Each structure stands twice: as C-alpha cells, then as structure tokens.
Amino acid sequence: MDAIIRVENLSKTFHTKERKKGEKKKKRVVQALKDVNLDVFVGENFGLLGPNGAGKTTLIKCLTTLLLPTSGTAWVNGFNIEEQEDSVRASLGCMLMGERGLYWKLTGRENLDYFGALYHVPRDVRAKRIDFLIDLLKLEEFAHRTVETFSSGQKMLLAFAKALINDAPILFFDEPTVTMDVPTARELRRIVRALNKEEGKTIVYTTHLMHEAEELCDRVAIIDRGEIIALGTPNALKASLVREDIVKMEGILPASVVGKIRSIPGVREVTVQAAPDGRASLAVMCENSRHLLPRIIEAATGNGASIEYIKPQDVTLEDVFITRTGRSLAVDTREVVKEGAGGGTGRG
Amino acid sequence: MAAQVAASRGFGLGRPGWRAKREVVRTVFLARIKIITRYKGAILMEALLPIVFAAMPVLLGITVAAQQGGGADPGDLFCAKTKINNLCTTNFKLYMLLGAATFTVVSLMLWLIGYWVRREQETGTLESLYLAPVRRIWVLAGVTSYAFLRAMIAFVIAIALGSLLFQVNPFNSGMGLAIVFLAIGFLPLWGLAFMFGAFIMKIKEADSVIQVLQWILAFLMGVFYPITLLPGYMQAVAGTFPPTVMTDGVRASILNISFIYQSAYGSLAVLCAMALVVPLLGYQVFEVTERRLRRKEGVGHY
Amino acid sequence: MSKKKILEFSRYPIAFVALFVQIFLIIAMFLYASLAFTPQGSDPTAGRQVGAQIVYGFVIGLFLSFTLWDIGFSIREEQTRGTLESLYLSPASKFASLLARVFAILIWVGALAVFAILFVGAVVGGLPLQNAGLALVVLVFSVSGFLGIAFIFAGVTIKLKETAQFLVSFLQFFFMIFSAQFFPFSALRQASPLIVDGVSRWLPVSYSVDVFRSVLIGQTPELGPSMEVELLIVVLFGILSPIVGYWTYNRLERGARTAGTLGEY
C-alpha cells in the first residue's frame, strides 16, 4: 500500500518557563515529539491513542502545518509540510479544536460558507455542499441560528461539518465525539466509517476512548511521552500481549468441573467460591481467554454444569498501553501512577 | 523520501485564481460586517467617541481662555499660540474635531487590523484560519476593507454630527486635499497595523499594552495641539510618524494653516514615501513574527 | 478574593506599568491642549489653577472608571470564561465577591492618583492643596457611591451581556463630559446652560467632582447653593447608592437565575 502521509524523524521541542511557589521562574524544555516515524496509507483509518500530554495534538498540529517541527519532516498527500504548506492544507479537512474554531456571531450556515471560501471552494459548489452537509448531519433545525445559541454537541457537529466542507482526501479528527451525547456520537462514528469505507477518505483519528479506536481504526499508534510505543492493527496489538486473563463463571457447577477445567492446557489456576444454595462461582486464570473459552465451556457443560453467567475479560488497547508503560491511558503523562507492570486489568 | 501518493484535493481549487482570491476578500469582508452588526451599539459608539474626545479640549480651551487669557476669545488665543509661518486658525473647535476624528480612524485601523489576530486567537478561530490553504494576505485584505469601511463611517458621522454640535463647517475648498491625505495615509496605517499585530501576537497581555500604544499614538499625532508645542526631539520623532503627517495634512488642508513639512507637496511626498515603505515593512515584520511563533508554540496558544 | 486580584495584577507587570504610562500620556495630552490656549507670559497661578482642575477631576474619573470596569465588567468576564456559575455555586457571599474585586484595585488606583497629582504638580510648578483631610472624606463617600453605580451596572451586564462593554465605555465618556471632569462647570455652562441645569445637576457624580475639586483648590463649588449642601449630597450618595445598587443587582441577578441565563454569554 502507498503512504499518503509519511513522517520522518519528526521532533518538536518547546521551551517554557515555570514557577513553583516560593521559587524563581525556571526555564523548562519539553520534548513533545521525539523522532517520530510513521506512514499512513491511502484509504486507511489511522488511530492515534495516548494520554493527555503524550504528543498526539503536537503531532497533528505539525502534520496540519499549525506548528513547525524542530527537526525532521513529513509529507502529506505528496507535499512537504514546511515547503508546500498551502498544498498540504488544501488536501486536508480538520476538526482539531472542536467548538472553539467557529465564529459565534455567525450562523451555522454562514460559518460553513466562510470556511468554504477560505478553502477556495467555488461559490456555486459551496452552496450545494453546505446543503448536503446540513442534511447529512441533520443540522437543519439550528443551522440558521448564530453559533452562540448552540449547545456544545451542536457546535461539535458544525465543526465536523466544517471539516468536510472542501471534501478533502485526508481528514484529521481530534476527539470529535467529546461532549456529544451517545446517539449523536454513534451517528458521527457511522459517518466517519462511511467516509472511510465508502468514499475512500484517509482519516487520522485521535481519541481517548478505546472502543472508538477498536471500532473505527484499521491501525492504531499508541503514543506516549512523544514517542510511538506501539503500532499495528487493534487485534495485532492486543494479541501481542501475553498475559493472564480471567474468565468468570457462575451457575450450578459440580466439583468435577474444576478438575476438568484445570486440566485444559493454558489454564493456570481455577478458584472456586461456593454459595450456600448449591451454586458456585469460578474464576479461571488462563493465558488467552478468547482462545480457551470454547474449551472451558465444553469442559463445564460436559460434566453436568449449568452455566448461568460467563464473562471473559477482554484485552483492550488500554491493557496494551499499561503493559508497555506501566500507566493507565487516563493518567496525565506528567503524573506516573504506580501500578504493577504487565498486570493489566485482567485480575478480578 | 516523500509520501508516495497525491490524491485530488476535493472541491478546493488546486491553484486558486483571482476569482477565488476575490471571493475570499468578499467573504471575509461580509462576515465581519455581519458580525459587527450583531453587536448592538458598537458602530454608534465609534461615531460618538470623537465628538466626546473633541469636546474635552474645546471646553478646556474655553476654561484656559477665561482663567489665564483674561477672558480673551479662546480662538484668538489658540491662533496666537499655534501660529507657524504666519498661518494659524481661530477655529479651534474644528481643529479639535478633525484631530479627534482622524485619531478615531487611526485607532480603529490599529484595533481592527492589528488586534484582529489576537481576537482570533482568543476566540479560537485563528487555528481554523491557519488550517485553510488561503494566503493570509487575502484574508487580511478582507479585514482591511472592513476596517477601512468602519473607519470611514465613524469619521464621516463624527464630522457630520460634530459639525452640527460645535457649529463649524469643514466643507471648503481644502476638503478634496484632506481626502487625499486620508486616502494615502491609510496605506502606512495598514503597515503600522501589521507591526502592531505582530507585537500583539508576541505579548500575551495585549489589552493594557494596546491602550498605552493608542495613547502614545494620540500624543505623537498631536490630536489636541500642534506638535510644534512639543520639545524638539519629540517633534522629530512625531514627524516621522505616518498618523501625524496624515492628521496634520487633513487639518492644514481644511483650516488653511501650515503643513508639518512646509507645504502640501512636501507633506504629501513624505506621506507617499511612507505609504510605499511602511506597508511592506509591516507585512514583513508580521510574517517573520508569525513564523517564529509557529515554530515556537503554534498560533493558537494564547 | 482580594488576594486573588492582587496576585493577578502582580502576575501582569506589563499591565501595571502600562497603566502608569497611560495616565501620564492622558494628562500630558490635556496639559499640552491647555498650553495651546495659554498666552505667553500668563500668570503661573492661573496655570496652576487649570492644572488643578484637570487633575483633581481626573482623579475622581479614575476611581469611577476603575470601579465600573472592575466590578461591572469583571462580571462579564466571568460570564464569558464560564466561571460565573461556579462562583454562584460556591458558598462565598456575592457581596463579598463584588467588594473584593474593587478593594484590591482601589489600592492601585490610589497609587495612580497620587502619581497623576505629583506629575501635574511638577509640570505646572505646584498645585493648590487645601483641606486634604476633608477631600479624602469626600473621596471615600464618592467611591462608596460609585460602588452602587457599579453594582447596578454589574446586574445590567448579566442581562445585556456583550453590549455591556459598549455601555461602560459610553458611561465613562458620558460622565467625563457631563460631570465636567477636566474643566470647570462654567466652561460647560458657556457651551450650553441647558447641559448643566438639565443634566449635570442631576448626576451625583457631578457633585463628587465639584466638591472634591473645590475643597482642594479652596474655591466655592459651582453646582449647588453652598459647600454644605453639596457635601450633604455626596454623603447621602455614598450611603444610599451602595444599598440601592446592591438591591438592584440582586433583583437583576435573581431574574437571570429564574430565566436560566446566568451562564449564558
């Protein structure tokens, strides 16, 4: 596959000043990106995962020419981000700053018209495109009102529409579903999927929500402290994790079931908790619950068990992150949460 | 090695021609007009402000004439004190009104153009602007056109209302020349506004500094007095300032008093030279500052 | 909250210095404007009189301006930042919140006022400075009265939102002219007696300016029949205005909470 975005040894350093109570202001050097290398292929939906302060937004800002890198370079749609900025921008549709990138005293329609003109979309095309987007995103009820009267979710939808105004081949979405309600977020993800699968758009999608990345992205890069620490398809990343899973099972479970399950290769340990009413609860620790689940069920039912509840705990991309970094995805990069390395969330 | 694929750019034009650029200017201009008309009272305030500004030194002049001039006519005192090359005016009210109205034009241009970037930063739309492939110069052309229109509206209303209030008549044979000074003076103002804007982008505590810069301008322009009253070194500095030459030109044309550079031609020549140099310099300073900012912290950081 | 305000101010040294420079320039402009009318060889005493009229009126204008901006407009800033609702959710007294905003600022304004007086004094060769104690009392009651105006303005800001910015600018310039901050009322009367009798006399701020200036210069006040009457007006203004102002603010704020527009901006 051909790369439509290529990043080569991209680094970005910020020089800031900070002051702690009672102390003088000190200069501080923050390396937001360290020699980042990656390719995004044509028609790919590429996810960028990482905690706050990891460098996701810095990377996106460099690729969208908002920020100039300290060293290294990148090409977007065949154009260099420093030497051919206008051509790079003309190839992109971006939703980076959410609701903040809109003019509050203009109506929704006027905002789309304004930005359409800035993207050099011809006037007649622009009018039709705006009608199309308003219809697609169901903005009819409020597109004629000034943005200051919109709710947060409505502003995000308009910002999303703005990103599509020029029908660019490459789209950058930075946490587009934040502040949206569940149905709207779901609908937006459906549209993102359609843009990617049906129209062949290349999408770079950043999110905190693992299920979004797993649902939408062909490949995911996990970024932490300015470096790519993992890159691959969601399944490949999860499969790369060797760790113990837990399967929880409840029901009427004869004593013989425990021994049968223990004898399955890959099962490390089975713990039993019996209830007074004759029912029991098992916790099966094994290497790969996804792989072993059918055999566990067969061992239980084949020995007279009546299963009322069974729940394998899936590997998530958060588990991948925790394994690689020892921290949770939800934790700010500047703070380190001391957790057992490689423990993941599998232990119940 | 470059990315291997280049996809088409969707609806956006690959090489925007003059029509697309004109469309940008038109859209930005109209958007700004729509925005300001949705702020109740803004335009009215701008037109009333010069009248209030002018009223204060007029009343002060009346006070001084009564208390220090032994009750002499304030116009005569003003003429005697401000005579240069045997030319002076007793029409101190019109003098103050023209100074205040021109200062409003200068101030509006600086605020609307120079502060434009800062305002976009604060509202978060600057990044949206920088994400678009449009050249900044065309967006600025739209903003400048809008600023020019707003400044002219404020100037005309201020002169019209102020003339009625102070019972003065600015419409004489010198009006044409005054308009020429105003029109040429806009160009170096544009350049100054860019330098202003570059400065604003760098320092984040913009509001207080803008206020001070505004008053420095008013002081050096001689809004309420001829700059010949200032100490020599200040006169030299003030004379190199495009708004000063513009204000002086407008006043001298209408009131038939001495020009800062001895004659109308002299002052016009200096203003034309400023009109050539200052905009180019101003835009260069703006571009360099903007690029440095993008390398350092990005334009959205405020 | 005052500490927060002082801390905010100390973190912006440029803003602090800029204020002093601004005051210096505004006064310099008016002094040069008056110079444009001053005949050669005129009596320096009269020059000091003019200087005193400019600067003492300016001092009152400074306190009024900062009180309006800092109480009234800061409510607007809280609205746009989204912190107004948080402030209302906290148990802190709203009255204390409003007052705290201005207390810290009054210290800076006091410093600016002293600077302005010293500067003009240096330029004109000294200023008349009589009855400083009484002038200070007048100032205290005047500022108290300005607080009431500011409270009303703060309530209006919650309702008018961004239009409030233009309103405060308008009010500043309205008072500059009609309360004759830079010139005596006699000059305003010469321009139009109707302005003085129809407008200026009805503004409590006019009496603050007139009394403060007259007390320091040692002259008869221009508006009222006597110094005692004008002093009484200023004292009553200082006592009643904050009460009326705060009551009005509460009514307007309650209305916004009922309508659900407190957080809207």
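Sequence order as written defines residue numbering, which begins from 1 separately in each chain. Written order decides the labels, with chains lettered from A and ligands numbered from 1. Per-residue local features are limited, in this predicted model, to residues with pLDDT of at least 70; the limit for side-chain atom pairs, both in listing and counting, is 80 or more; totals at the level of whole chains, interfaces and linings are taken over all residues.

Enquirer: Quick rundown of the interface of chain C and chain B? Include the residues and the values.
Expert: Contacts are defined on C-beta atoms placed from the backbone: any two residues whose C-beta positions lie within 7 Å are in contact. Tallying the contact residues gives 43 residues for chain C and 41 residues for chain B. Only runs of H or I of at least four residues qualify as helices and only runs of E of at least two qualify as strands under DSSP, and these elements are numbered from the N terminus. Mapped by element, the contributors of at least two residues to the side of chain C that touches chain B are α2 (13-35), α3 (44-81), α7 (163-178) and α8 (185-191) of chain C. Of all the elements, α2 of chain C adds the most residues to the side of chain C that touches chain B, at 15 residues. Ten residue types, Ala, Val, Leu, Ile, Met, Phe, Trp, Tyr, Cys and Pro, are classed as nonpolar, four, Asp, Glu, Lys and Arg, as charged, and the remainder, Gly among them, as polar. For the side of chain C that touches chain B, a count of residues per class yields 30 nonpolar, 11 polar and two charged.

Enquirer: Quick rundown of the pairing of strand β3 (residues 45-49) of chain A? Include the residues and the values.
Expert: Residue and element names in this part refer to chain A. Within β3, five of the five residues are buried, which leaves the element mostly enclosed by the surrounding structure. Side-chain alternation along β3 places N45, G47 and L49 on one buried face and F46 and L48 on a second face that is also buried. Pairing analysis gives five bridges linking β3 to strand β8 (residues 202-207), with the strands arranged parallel. Each bridged residue has a counterpart across the sheet, and for N45 the counterpart in β8 is I203. DSSP calls a pair of strands paired once it identifies at least 2 bridges connecting them. Relative to strand β9 (residues 219-224), β3 runs parallel, the two being bridged by four bridges. Bridging from a neighbouring strand, G47 pairs with V220 of β9. With C-beta atoms placed from the backbone, the exposure class of a residue follows from how many other C-beta atoms lie within 10 Å of its own: 20 or more, buried; 12 or fewer, exposed; in between, partly exposed.

Enquirer: Account for the interface of chain B and chain A, naming residues and giving values.
Expert: Tallying the contact residues gives 37 residues for chain B and 47 residues for chain A. Looking at the side of chain B that touches chain A, the elements that each hand over two or more residues are α1 (18-37), α6 (125-131) and α12 (264-296) of chain B. Take the side of chain B that touches chain A: its biggest share by element is seven residues, from α1 of chain B. When its residues are assigned to classes, the side of chain B that touches chain A shows 19 nonpolar, 10 polar and eight charged.

Enquirer: Give a description of the nonpolar core that names residues and reports values.
Expert: If you look at the biggest cluster of nonpolar residues, it comprises 257 residues, and the most contacted ones within it are F160 and A161 of chain A, M109 of chain B together with V55, V59, A116 and F212 of chain C. Sort the elements by how many residues they give to this core and helix α4 (residues 92-114) of chain B lands first, with 17 residues. What F160 of chain A contacts, discounting residues up to four positions off in sequence, is M95, L137, P176 and L188 of chain A. In this description, a nonpolar core means buried residues of the types Ala, Val, Leu, Ile, Met, Phe, Trp, Tyr and Cys, linked to one another by C-beta atoms lying within 7 Å.

Enquirer: Break down the sheet that holds strand β13 (residues 280-286) of chain A for me, citing the residues and quoting the values.
Expert: Residue and element names in this part refer to chain A. Pairing is antiparallel in the open sheet, where four strands are placed in the order β12-β13-β11-β14. Edge positions in the open sheet fall to β12 (267-274) and β14 (306-312), since each of these has one partner strand only. If you compare each strand with its neighbour and ignore which way they point, the axes differ by 20° on average. Both strand β11 (residues 245-252) and β14 contribute to a ladder of six bridges, which runs antiparallel. Within the sheet, the bridge partner assigned to E250 lies in β14 and is Y309. To obtain each axis, a line is fitted to C-alpha atoms, and for helices this fit is confined to the stretch in contact; angles are then taken between N-to-C directions over 0 to 180 degrees.

Enquirer: Pulling in residues and values, what's your account of the confidence of the model for chain C?
Expert: Chain-level statistics for chain C give a pLDDT mean of 82 and a share of 80% at 70 or above. Both scores are given for the predicted complex: the pTM is 0.79, the ipTM 0.86. pLDDT is a residue-level measure of predictor confidence that goes from 0 to 100.

Enquirer: Break down the sheet that holds β9 of chain A for me, with residues and values.
Expert: Residue and element names in this part refer to chain A. Across the sheet, which stays open at both edges, the six strands sit in the order β6-β7-β8-β3-β9-β10 with mixed pairing between neighbours. This sheet does not close on itself; its edge strands, each paired only once, are β6 (92-95) and β10 (227-232). Strand-to-strand twist of the sheet, defined as the mean angle between neighbouring strand axes without regard to direction, takes the value 15°. This element, helix α5 (residues 152-163), spans β6 and β7 (170-174) of the sheet and lies at about 170° to β6. With respect to the sheet, helix α6 (residues 182-197) is in contact with β3, β7 and β8, its orientation differing from that of β8 by roughly 150°.

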